[in-house]
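# Structural overview
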Amino acid sequence: MSVPGSPQSPSPESTAATVPARQISHSKLQLVFDSLAVLLDSLPDSISNSDDPSRSLLHDQAVADQITARLRQPLSGAGDDNLCRWLYDTFHAPDPALQLVVLRFLPTLCGVYLLRAVARKPLPGFEAVLLALYAHETKSRNGQAVTVTIPDVAHPSLYHETTRTVTAGKNAATAAATELHIAVVSPSLEPHGTVRATKRARIVGVALELYYSKISLMPVSSKLEFCRFCRLWAGDYDTSGGKLAGNGEDNKGGETREKTREKTGEEIGEKTGEETGEKTREETGEKTREETGEKTREETGGKAREKTGEEIGEKIGDETGDETGEKAGEKTGEETKERAGMKTGEEKEERGGRIPLPWELLQPSLRILGHCVMGSMHPRWLKAEATAAIRSVHGRAVHEMHPQSILATQSLMKSAERVVEDPVEEVNARYGTGVDTEGRIVLNTTPGAEVGAAAAG
Amino acid sequence: MSVREVCVNGVCMPTSELEAKLDEGNILEAESALRDGLALNFEEARALLGRLEYQRGNIEAALQVFDGIDLQAAIQRLQPAIVEKPTPKSRRSRSDSGQSVSQHAASLVLEAIYLKAMSLHKLGKSTEAAKECESVLDAVEKIFPQGIPETLVDNRLQETVSKAVELLPELWKLAGFHQEAMGAYRRALLSQWNLDNDCCARIQKRFAVYLLYGGVEANAPSLAVQIDGSFVPKNNLEEAILLLMILLRKCYIGKTEWDPAVMEHFMFALSICGQTSVLAKHFEELLPGVYPRCERWNYLALCYSGSGQNKTALNLLRKSLNRHEKPDDPLALLLAAKICSEDHHLASEGAGYARKALASCQGMNGHLKGVCLRMLGLCLGKKAKVASSDVERSFLQSEALKSLDEAVAFERHNPDVIFELGVQYAEHRNSNAALRCAKQFIDVTGGSVLKGWRLLALILSAQQRYSEAEVVVDAALDETAKWDQGPLLRMKAKLKIARSLPMDAVETYRFLLALVQAQKKSFGSFQSASKGQDDKVGEFEVWQGLASLYSSLSHWKDAEVCLEKASALKQYSAATLHIEGLIHEGRGHSPSALVAYSNGLALDVDNVACEVALGALLWKMGPKSLPAARSFLSDALRLEPTNRMAWYYLGMVHRDDGRMADACDCFQAAAMLEESDPIESFNSIL
């Protein structure tokens with residue numbers, strides 16, 4: 001996996017702040033790594049022996065896999081979840097590079113959290129981490145809103161002058177009509193000590209804004225996780241590739257399924273459907289994984305039955321499925337396999353883990369998706385996953401008739417189709433190669449020389 | 001195969017000779033052959049050789065040749081020759097041979113460095129490539145300290161410069177140096193490189209894309225480039241929007257060709273900021289023919305609807321849905337239906353759109369069926385409110401219910417549909433079904449949507465389960481941050497009143513008042529004005545609520561004080577006049593009460609409370625005024641068929657007039673409604 005923001009480009013603040021910080025509180029940092037080693041049984045040598053262990057930790061895929069798997073465990077996020085405690089402590093560690101490590105896991109954490117929080121399950125572990133991120137952002141922004149002034153091109157700016165010839169006639173009129181639009185990108189922040197249900201989207205949204213501000217330093221796998229969760233959140237409306245596409249069959253299927261479900265009792269139908277799907281998919285997978293998957297499903301199934309909503313079970317079932325799919329995909333690392341993984345993913349995500357997506361949550365998500373799909377350094381499979389997520393969100397926006405997100409997702413989908421794979425080649429292709437049609441290198445010092453040379457040839 | 005040659009100054013030399021030498025590894029020999037054969041100096045010869053190798057695909061060999069060029073020396077040699085600035089007149093006549101020679105030399109050397117950068121890039125050494133590329137630009141700046149003159153430069157040199165300018169940011173990006181890339185973009189756009197329009201537009205577009213999606217916050221542009229009075233963007237999004245606007249403008253005035261991608265990025269940027277009205281302006285400015293007109297109308301409708309200008313949006317949609325245009329576009333139909341569903345008077349039109357959409361969503365758009373049904377249900381429900389007869393109303397209501405019910409089957413994961421169905425049931429007084437929907441909505445949304453809680457509490461209050469409703473409100477209060485608690489507290493106060501706990505209600509109102517006042521202070525007038533008053537409780541409402549509470553307790557003095565406060569905030573309001581009338585009536589001043597009610601009606605013809613009170617007062621005043629009372633009460637019932645007090649007084653009027661059967665019916669209606677009367681209208685949460 002290629003990593004954008006490769007090792008030679010440390011973020012400016014990390015170079016500025018880490019060096020003295022590390023000298024002062026080396027022991028504190030050591031504590032972070034020691035406690036992680038305890039959590040995961042052991043840490044690879046590549047991290048502990050590294051010159052910059054924080055950076056190595058950020059980019060270590062094996063450790064990341066372990067941690068995300070833990071985050072996805074059915075009982076994670078509880079008050080006594082040590083991993084959440086570690087994330088919380090690590091975020092408050094004096095090394096900004098370690099904050100990046102915490103942010104790296106934000107997609108999984110948000111993903112699992114939002115899907116479960118809908119079932120109103122207490123998740124104080126996750127919430128503590130999210131609140132820490134929210135508080136950090138509140139502090140660094142001083143609670144202020146983020147605004148954008150929409151410029152008026154009738155007035156000169158850094159990048160253009162208003163030439164008289166163009167605006168002379170209009171000048172008087174435009175000068176009078178000029179009004180600066182101030183757009184609020186992110187409203188001002190109130191301090192929150194707990195996650196109240198109606199504020200959940202905002203708190204997660206702000207955490208995602210923080211993630212977005214560091215997104216160029218995030219490993220690709222972290223972005224990939226976000227895209228997958230985003231698709232789940234939207235409810236997987238991506239019925240086909242087209243603009244507003246989708247096929248009627250699908251819905252008919254849904255209809256009949258709905259009816260049978262009503263008849264047979266929802267839970268049973270759902271569970272069995274899920275399990276069979278899962279089994280066929282995991283034929284290739286290892287047995288152990290299947291076992292753990294089965295186990296978690298059983299556990300959550302039990303829980304779900306205790307609780308009122310069958311949704312919980314559904315969702316967690318989805319999560320575990322997703323986890324196995326992802327692992328398989330990442331291990332192989334090949335594009336084709338990845339795609340296969342996605343396909344099987346689609347089967348199971350049919351119902352989706354649809355959660356409420358108010359604009360305060362959707363807007364930062366769209367910015368992240370935009371980055372994933374348009375980022376110049378991203379591997380193709382990330383772009384594919386991001387595009388799928390955008391399509392889902394678009395479908396959802398159409399179903400909810402939300403003009404703003406329809407516009408945003410539609411433009412993203414179109415832009416995604418145009419992404420230039422190799423900008424350097426694109427630039428070069430626009431210019432001549434310096435060789436004329438007959439393969440001659442011509443250096444024309446004077447206009448006459450060129451003609452002469454051509455004639456000579 | 002044609003003969004490949006190197007031609008300089010009119011002298012040509014076949015490349016095969018040189019290539020042979022190069023293949024043997026004799027760079028020096030090849031070099032001297034060139035120098036002798038074509039009268040070139042050392043750097044030029046090297047540059048030529050390097051290019052030869054580069055074009056043959058021998059990247060590493062090319063690099064080796066290029067490595068031998070001493071750039072600094074070459075530049076120093078080039079510098080003074082050109083620094084002697086030629087007079088503008090001598091530009092065209094190339095009589096100044098010294099200058100032209102050095103330009104040629106400069107061109108060769110610069111190209112060599114550029115090719116070196118490319119070679120490094122091809123070998124995967126992005127960082128070195130970027131550095132080399134940057135040195136091309138540094139060199140150009142040294143050779144042309146005043147910027148590149150427009151007509152002075154030969155094509156090849158200009159091309160190398162343009163290429164290097166365009167490539168540098170891309171190379172930095174590849175190397176992962178984001179700030180350097182930003183710097184390179186700005187350098188490209190802010191220095192004098194004599195770039196042509198297209199090249200400049202390409203760089204601006206790439207920079208905008210990078211700013212918009214790159215996820216790296218750019219440093220502020222250096223003060224040196226900031227000119228007084230000109231707009232300097234302060235963050236990425238702003239800078240991207242500025243660049244995109246400039247690009248769009250270039251298209252409008254025909255400087256560059258239309259690029260749909262620019263509009264798409266612009267669309268994304270502005271919808272992310274929620275400024276779709278600005279986007280609409282730009283769509284309006286587009287020349288006809290850029291987009292098919294229906295597409296443009298639909299985009300415009302989305303933009304206007306996104307910024308709350310629904311009327312304009314609907315007018316545009318009417319155009320595009322005209323039968324001569326695209327009457328079957330499902331998205332346009334649905335948007336039109338949605339806009340119509342928010343207005344009683346448009347509901348009928350909206351139902352038409354929704355039906356058409358339903359009919360047209362076959363095949364590819366089949367998944368939209370649920371949305372169509374939902375819009376149809378909403379429109380019919382709205383239409384029922386203005387129905388002229390009871391029969392029509394109940395027919396429309398049950399149709400609305402049916403549509404929404406079907407919609408739920410398709411959109412079973414969309415909580416909004418469940419919510420709307422719940423409201424519809426509640427208005428249809430099917431409170432058990434409504435309750436089920438409200439509970440389901442809260443379950444599906446995890447209690448994260450305030451209106452769900454409010455609906456549940458209202459339904460419970462309609463079932464006279466006030467204490468349970470209060471529990472719900474308290475639970476909702478737990479899930480909301482304090483600034484959003486206004487509507488819940490208001491509801492709680494009303495619940496306390498319903499439970500005959502007036503002092504608790506006063507206490508709650510007092511708390512609400514403190515909240516509202518604190519809110520006003522902390523947000524200032526700017527926020528409250530801009531945010532719209534949808535979900536916020538105003539100070540006026542609190543005073544008004546208190547006044548009506550006190551008047552119902554016959555605490556006339558207190559009621560008057562509160563009323564005064566309320567009138568101070570909003571001078572002409574039917575609601576305050578209604579309470580004023582109640583106070584007069586309570587004190588036995590019927591004529592004053594009559595005046596107050598009539599004034600209230602004069603301010604707002606559709607104020608049901610005033611109408612009912614007026615009707616009741618007229619009924620009390622004796623048999624002479626019974627017909628007038630009857631007409632007011634009937635009118636009130638036309639506006640609000642579920643107003644139980646209106647039914648009650650109408651029954652009284654009928655009784656006094658001797659129409660016992662009618663009176664019976666009215667009383668029955670009143671009694672039934674009393675059992676299902678919510679503390680606030682269900683409309684208040686939609």
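Since the model is a prediction, treat every value here as computed from it, not as a measurement. (Residues numbered from 1 in each chain as written. Chains lettered and ligands numbered in written order. Predicted model: local features only at pLDDT ≥ 70, side-chain atom pairs only at ≥ 80, totals over all residues. Heavy atoms only, no water.)

## Structural notes on unusual backbone geometry
With a phi close to 60°, Asn142(A) is a non-glycine residue in the positive phi region. Structurally, the position occupied by Asn142(A) is in the loop between helix 9 (124-141) and strand 1 (146-150). With relative accessibility at 62%, the residue Asn142(A) sits in the exposed group. Of note in the backbone geometry, Arg429(B) takes a positive phi value of approximately 60° without being a glycine. Position of Arg429(B) among the secondary structure elements: in the loop between helix 20 (415-427) and helix 21 (431-445). The class of Arg429(B) is partly exposed, set by a relative accessible area of 24%. (Helix = DSSP H or I, 4+ residues; strand = E, 2+ residues; numbered from the N terminus. Buried < 20%, exposed > 50% of the residue type's maximum accessible area, 1.4 Å probe, protein only.)

## What to know about the nonpolar core
It is characteristic of soluble globular proteins that their nonpolar side chains tend to be buried jointly. Counting residues in hydrophobic clusters, the biggest one holds 245 residues, and the most contacted among them are Trp86(A), Trp233(A), Ile241(B) and Phe283(B). Not counting residues up to four positions away in its chain, the partners in contact with Trp233(A) are Cys110(A), Gly111(A), Leu114(A), Leu115(A), Phe226(A), Gly353(A), Arg354(A), Ile355(A), Leu357(A), Ser365(A) and Arg396(A). In this structure, Phe419(B), Leu477(B), Ala547(B) and Ile583(B) belong to the second largest nonpolar core, which totals 66 residues. (Core = buried A, V, L, I, M, F, W, Y, C linked by side-chain atoms within 4.5 Å. Contact = heavy atoms within 4.5 Å.)

## Considering the packing of aromatic side chains
Under the criterion given, the structure shown has 15 aromatic pairs over all chains. Considering the side-chain rings of Phe226(A) and Trp233(A), the 5.8 Å spacing of their centres and the 90° angle between planes classify their relative orientation as edge-to-face. Assigned by exposure class, Phe226(A) and Trp233(A) land together as buried. Three or more aromatic residues link up through ring pairs in this structure, and these residues are Tyr159(A), Tyr185(B), Phe207(B) and Tyr210(B). The ring of Phe419(B) has Lys451(B) sitting right over it, with the charged end atom 4.4 Å from the ring centre. (Phe/Tyr/Trp six-rings, centres within 6.5 Å; stacked < 30°, edge-to-face > 60°. Lys NZ or Arg CZ within 6 Å of the ring centre and 35° of its normal.)

## A short note on helix 12 (residues 260-272) of chain B
Residue and element names in this part refer to chain B. In a regular helix each residue adds 1.5 Å, so 13 residues correspond to 18 Å; helix 12 covers 18 Å between its end C-alpha atoms and thus fits that length. Extensive coverage of helix 12 is indicated by the burial of twelve of its 13 residues. Taken together, the buried positions of helix 12 are occupied by Ala-261, Val-262, Met-263, Glu-264, His-265, Phe-266, Met-267, Phe-268, Ala-269, Leu-270, Ser-271 and Ile-272. Here helix 12 starts with a cap whose side-chain oxygen sits 3.0 Å from the backbone nitrogen of Ala-261, and that cap is Asp-259. Following helix 12 by one or two positions, Gly-274 has its phi on the positive side, about 75°. (Expected span 1.5 Å × (residues − 1). Polar contact = N/O pair within 3.5 Å; in protein donor to acceptor, adjacent residues only side chain to side chain.)

## Side note on the confidence of the model for chain B
Residue and element names in this part refer to chain B. Mean pLDDT over chain B stands at 83; residues scoring 70 or higher make up 91%. Predicted confidence is poor over residues 82-98, with pLDDT under 50, and the contacts of this stretch with residues over four places away or in other chains come to 17 contacts. Within the model, pLDDT remains below 50 along residues 525-534, and this stretch shows one contact once partners closer than five positions in the same chain are excluded. Interface confidence for the predicted complex, expressed as ipTM, amounts to 0.87; the pTM equals 0.81. (pLDDT = per-residue confidence, 0-100.)

## Examining helix 7 (residues 96-104) of chain A
Residue and element names in this part refer to chain A. Across the nine residues of helix 7, nine count as buried, placing the element largely inside the fold. Among all positions of helix 7, only Pro-96, Ala-97, Leu-98, Gln-99, Leu-100, Val-101, Val-102, Leu-103 and Arg-104 are buried. The N-capping residue of helix 7, defined by a side-chain oxygen 2.9 Å from the backbone nitrogen of Ala-97, is Asp-95.

## As for the UniProt feature "repeat: TPR" (unreviewed entry) in chain B
Under the present numbering, the feature "repeat: TPR" (unreviewed entry) in UniProt falls on residues 644-677 of chain B. When the span residues 644-677 of chain B is considered, its composition is 85% helix and 0% strand, and the gap between its end C-alpha atoms is 8 Å. (UniProt positions renumbered as here; feature names shortened; annotations may be inferred.)

## A closer look at the environment of Glu417(A)
Note on placement: Glu417(A) falls in helix 21 (residues 403-417). Sequence separation between Glu417(A) and His59(A) is 358 residues, and the spatial gap between their C-alpha atoms is 29 Å.

## Observations regarding the packing of helix 1 (residues 15-23) of chain B against helix 3 (residues 42-55) of chain B
All names here are of chain B. Packing of helix 1 against helix 3 leaves a shortest axis separation of 11 Å and a crossing angle of 85°. In terms of orientation, helix 1 lies roughly perpendicular with respect to helix 3. Contacts between helix 1 and helix 3 pair Thr-15, Leu-18, Glu-19 and Leu-22 from the former with Leu-49, Leu-52 and Glu-53 from the latter. A class-by-class count of the residues in the contact of helix 1 with helix 3 yields four nonpolar, one polar and two charged. (Axes fitted to C-alpha atoms, helices over the stretch in contact; angles between N-to-C directions. Parallel < 35°, antiparallel > 145°, perpendicular 65-115°, else oblique. Nonpolar A, V, L, I, M, F, W, Y, C, P; charged D, E, K, R; others polar.)

## Considering the confidence of the model for chain A
Of the residues in chain A, 60% reach a pLDDT of 70 or more, and the chain-wide mean stands at 69. Residue range residues 1-19 of chain A is modelled with pLDDT below 50. Its contacts to residues more than four positions away, or to other chains, number 31 contacts.

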